Amino acid sequence: MKIYIGCDHAGYEMKAAVKELLESKGHIVQDMGGDGGRVDYPEIAKKLGKAVVSDDGSRGILICGTGIGMSIAANKVKGVRAALCADHFSAKYTRLHNDANVMCMGARTLGVGVALELAELFIDTPFEGGRHETRVNMIRGMEEEF
Ligand code: RB5
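Attention in this report is confined to the structure presented alongside it. (Residues numbered from 1 in each chain as written. Predicted model: local features only at pLDDT ≥ 70, side-chain atom pairs only at ≥ 80, totals over all residues. Heavy atoms only, no water.)

### Quick word on the overall build of the protein
The test is simple: Strands are runs of DSSP state E lasting at least two residues, helices are runs of H or I lasting at least four, and both sets are numbered from the N terminus onward. Values of the radius of gyration come from C-alpha atoms, whereas the globule rule sets the reference at 2.2 Å times the count of residues to the power 0.38.
Broken down by element type, the protein carries 6 helices and 5 strands. For the protein, the succession of helices and strands along the chain, N to C, is β-α-β-α-β-α-β-α-β-α-α. The globule rule puts the C-alpha radius of gyration for 146 residues at 15 Å, and the 14 Å found for the protein is close to it. Across its three principal directions, the C-alpha atoms of the protein cover 40 × 30 × 25 Å.

This is the structure we're talking about:
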């Protein structure tokens, strides 16, 4: 799978670990920055969100201090369904039920071990479809409305 990954200065080390894991599993990982220096998270979230929505079937992972800023910013990009995840159940069910295409994590709130497991779950879990497709389509409708 093609996976876009991005971070701000707070998430740089965690990003490196997640990237290494995903590459070791055969995924193609494209790094959208930052490079460890101070960077404003909306800049990276916008760049990554645009890449994910224009590359069908791809996913994105964003890491900042809390994951909150990245998720707020990424969700402003039309077509992005970004989920802030800090537990295994959420990482799994945001794929099964929300068809989330971007997952956000907090480097200051999560250990690297947990982050690696959440990343794997997010990438490996398919969308369940069915009644959940109807709800995701309602979200798409809201994007047109507002
Ligand atoms: C950067 O200091 C911090 O504000 C950022 O990484 C993130 O936590 C924002 O939501």
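### A closer look at the environment of Gly-49
To keep things clear, this is the line we draw: With a 1.4 Å probe rolled over the protein chains alone, any residue whose accessible area is under 20% of its type maximum counts as buried; one over 50% counts as exposed, and the rest are partly exposed. By definition, residues are in contact when any of their heavy atoms lie within 4.5 Å.
Mapped onto the fold, Gly-49 is located in helix α2 (residues 41–53). A residue is classified by how much of its surface remains accessible, and Gly-49, at 0% relative accessible area, is buried. Gly-49 has contacts with Val-77 and Val-80, leaving out every residue within four places of it along the chain.

### Examining the pairing of strand β5 (residues 102–106)
Note the cut-off: Two strands are counted as paired when DSSP detects at least two bridges linking them. Seen with its strands pointing away from the viewer, a crossover is right-handed if its path from the first strand over the helix to the second goes clockwise.
Judged by how many residues are buried, β5 sits mostly within the fold: 5 of 5 residues are covered. Every second residue of β5 is oriented toward a common face, with Val-102, Cys-104 and Gly-106 on one face and Met-103 and Met-105 on the other, all of them buried. Sheet topology note: the strand β3 (residues 59–64)/β5 ladder contains 5 bridges and is parallel. Within β5, the residue paired with Ile-63 across the bridge is Met-105. Judged from the 3 bridges that link them, strand β4 (residues 82–84) and β5 form a sheet pairing that is parallel. When the bridges of β5 are listed, Ala-83 appears paired with Met-103. In the classification by handedness, the crossover that spans β4, the intervening helix α4 (residues 88–96) and the parallel β5 is right-handed.

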